[in-house]
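# Report on the structure
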Amino acid sequence: MDRLNWRTGYSEMFENFTRRHHLDHFEVDLQYEYVPPAFRYDLFKAVLEHCNEEDGGTTIREYCLYRGVSIAVNSDYYRLYSVDDIMEFYSPDPFMDLLLKAEWHEVLSIVEFLINEGPLSRKEINKLFEYHSVGYEVERSSDDAVRVIVKYSALIADNDRILSFETPFAPVIEAVTAAKQALIDPKNIDVASSVTLSVAARASR
């Protein structure tokens, strides 16, 4: 397929028949330690859409992003050393392969790179997280960089606030501590238990 034609139409991909009618959206619980292929494809399309919006150098920009995200997750990449080589030999396929084969946490690291160093915005990524029921969100940190966090991290902060009170009730401390632990470890996330324990803590106060 012609390179130019292959790249056109990505702005419409998010508004095609399937997306307009939410036929690729499923009501499921938030997913943790997992990033579905549909999110990865949408992430790729979002990058290409932004590259197409830039004046000239679309292929160069895309190769630079591919190289950057590869380095960000310590993955080898297809090396091209001149503009002529990039224009002649670069294909989007290695970029797509990287996104599809990356571990779930590597995809989240790639998301951070594409916002901090690339063209994507926190708002559009959070919309994708929400649409695909991925249990993470992007927030801006104190140093003005962005980072991906576990969704409902605000609940963790609220639990910290409760623990700071000098409450005499041991059940409150136990429930809040357990609720916080259910969310704070990215490898052992249990939102349902955390919410239940948080409610129990408040009921015990």
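Above: the structure in question.
A brief report on the enclosed structure follows. Please read all numbers here as calculations on a predicted model, not as lab measurements. (Residues numbered from 1 in each chain as written. Predicted model: local features only at pLDDT ≥ 70, side-chain atom pairs only at ≥ 80, totals over all residues. Heavy atoms only, no water.)

Moving on, we get to the overall build of the protein chain. Scanning the protein chain from N- to C-terminus turns up twelve helices and two strands. Reading the helices (α) and strands (β) of the protein chain from amino to carboxyl end gives α-α-α-α-α-α-α-α-α-β-β-α-α-α. The proportion of buried residues among the 205 residues of the protein chain is 39%. Long-range contacts, defined as pairs at least 24 residues apart, comprise 65% of the intrachain contacts of the protein chain with a sequence gap of at least 6. Counting every atom, the protein chain has about 11,800 Å² of accessible surface; 52% of that belongs to carbon and sulfur. (Helix = DSSP H or I, 4+ residues; strand = E, 2+ residues; numbered from the N terminus. Buried < 20%, exposed > 50% of the residue type's maximum accessible area, 1.4 Å probe, protein only. Contact = heavy atoms within 4.5 Å. Areas by Shrake-Rupley, 256 points an atom, 1.4 Å probe, with all protein chains shown as cover.)

We now examine the packing of helix H5 (residues 58-72) against helix H7 (residues 93-101). Describing two packed helices takes the angle between their axes plus the distance from one axis to the other. Two elements in contact, H5 and H7, have axes whose closest approach is 10 Å; the angle formed by their N-to-C orientations is 30°. As judged from the angle between their axes, H5 and H7 are roughly parallel. Taken as a pair, H5 and H7 cross one another with a handedness that is left-handed. Contacts between H5 and H7 involve Glu 62, Leu 65, Tyr 66, Val 69 and Ser 70 on the former and, on the latter, Pro 94, Phe 95 and Leu 98. In the contact of H5 with H7, the residues fall into six nonpolar, one polar and one charged. (Axes fitted to C-alpha atoms, helices over the stretch in contact; angles between N-to-C directions. Parallel < 35°, antiparallel > 145°, perpendicular 65-115°, else oblique. Left-handed = near helix turned anticlockwise from the far one by under 90°. Nonpolar A, V, L, I, M, F, W, Y, C, P; charged D, E, K, R; others polar.)

Time to look at the environment of Glu 139. The residue Glu 139 is located in strand S1 (residues 136-140) in this model. Taking the C-alpha atoms as reference points, Glu 139 and Asn 126, separated by 13 residues in sequence, lie 9.1 Å from one another. Ignoring any residue separated from it by four or fewer positions in sequence, one finds Glu 139 in contact with Arg 122, Ala 145, Val 146, Arg 147 and Ile 149. Within the local environment of Glu 139, its side chain forms a polar contact with the side chain of Arg 147, the two groups lying 2.8 Å apart. (Polar contact = N/O pair within 3.5 Å; in protein donor to acceptor, adjacent residues only side chain to side chain.)

So, on to the pattern of salt bridges. By the definition in use, this model includes six salt bridges. For Arg 147, the salt bridge is made with Glu 139, and the minimal N-O distance between the two is 2.8 Å. A relative accessible area of 43% means that Arg 147 is categorised as partly exposed. When its relative accessible area of 25% is taken as the criterion, Glu 139 is described as partly exposed. (Salt bridge = Lys/Arg side-chain N within 4 Å of Asp/Glu carboxyl O.)

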